[in-house]
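Reading the structure
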Amino acid sequence: GFTAVLAGDDHAVALRSDGSLYAWGYWGGANGTPMAGTFTAIAAGNGFSLAVRSDGSIAWWGEDPYGYDLASGPEGFDYTGVAGGYLHCLALERDGSIVGWGAGIDVSGHPSYGQAMPPSDASFTAVACGLYFSLGLTVTKTDPTEPKDPEQPKDPNEPVEPNQPDAPTAIA
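Scope of this entry: the structure provided in the associated data block. Here the structure is a predicted model, which is why all the values come from computation and not from measurement. (Residues numbered from 1 in each chain as written. Predicted model: local features only at pLDDT ≥ 70, side-chain atom pairs only at ≥ 80, totals over all residues. Heavy atoms only, no water.)

Glycine aside, the phi torsion of most residues is negative, and most peptide linkages are trans. In this structure, Asp-69 takes a positive phi of about 60 degrees despite not being glycine. For Asp-69, the location among the structural elements is in the loop between strand E6 (58-62) and strand E7 (79-84). With a relative accessible area of 42%, Asp-69 lands in the partly exposed category. (Helix = DSSP H or I, 4+ residues; strand = E, 2+ residues; numbered from the N terminus. Buried < 20%, exposed > 50% of the residue type's maximum accessible area, 1.4 Å probe, protein only.)

In structure tokens form, the structure reads like this:
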């Protein structure tokens, strides 16, 4: 069986329950098994895909037609998640921080290369990329010594505490 499937611009990639990959669609003829190994997470972007290997490193394959060096993602073995957008990628580190690479869009609407820094005091649990934007799901850090008033009605705009029934665990 499969545990995850994601769609890119013109292709899809799926993660099997045994950790292997399967891909189909148009982008460089990588239908079938794009690479051997065991993987824990996948992402699909604009003509490319990413995966987190079981050792925590990142694999990338596909096309980079605009030359934004998408294949040169971060090195290391501490990654738990990935996301692919139009011209950029994100990787989620085990400590909850995010690494990004590829192109962005500046305020004038033109592509620019660089990295936007997420808030340093945030801890992320999931990442996602859109056409020209990125998302990160954060964990709300609460002070366990602060008393809570059970009589106070819940504010619908208040962040949800993790591990609660209504807490989101993924974004796509």
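This next bit is on the pattern of salt bridges. Using the criterion set out here, one finds one salt bridge in the structure. Arg-94 is the partner of Asp-78 in a salt bridge, and the nearest nitrogen-oxygen pair spans 3.0 Å. Remark: Arg-94 occurs in the loop between strand E8 (88-93) and strand E9 (98-105) and Asp-78 occurs in the loop between E6 and E7; sequence separation between them is 16 residues. Here Asp-78 falls in the partly exposed class, since its relative accessible area comes to 32%. On the basis of relative accessibility, which here comes to 53%, the residue Arg-94 falls in the exposed class. (Salt bridge = Lys/Arg side-chain N within 4 Å of Asp/Glu carboxyl O.)

Here we come to the nonpolar core. Counting 17 residues, the largest nonpolar core has Leu-50, Ile-58, Val-82, Cys-89 and Trp-101 as its most contacted members. Elements with a contribution of two residues or more to this core: strand E4 (39-44), strand E5 (48-53), E6, E7, E8 and E9. Aside from chain neighbours lying at most four places away, what touches Val-82 is Ile-42, Ala-43, Leu-50, Ala-51, Val-52, Ile-58, Leu-90, Ala-91 and Val-127. Listed in part, the eleven residues of the second largest apolar core include Val-13, Leu-15, Phe-39 and Ile-42. (Core = buried A, V, L, I, M, F, W, Y, C linked by side-chain atoms within 4.5 Å. Contact = heavy atoms within 4.5 Å.)

As a further point, take the side chain of Ser-57. Mapped onto the elements, Ser-57 comes out in the loop between E5 and E6. Classification of Ser-57 by relative accessible area gives buried; the value is 7%. Side-chain polar atoms of Ser-57 contact the side chain of Asp-55, separated by 2.6 Å. If sequence neighbours within four positions are ignored, Ser-57 has contacts with Ala-51, Val-52, Gly-76 and Phe-77. (Polar contact = N/O pair within 3.5 Å; in protein donor to acceptor, adjacent residues only side chain to side chain.)

That is the geometry; function is a separate question.
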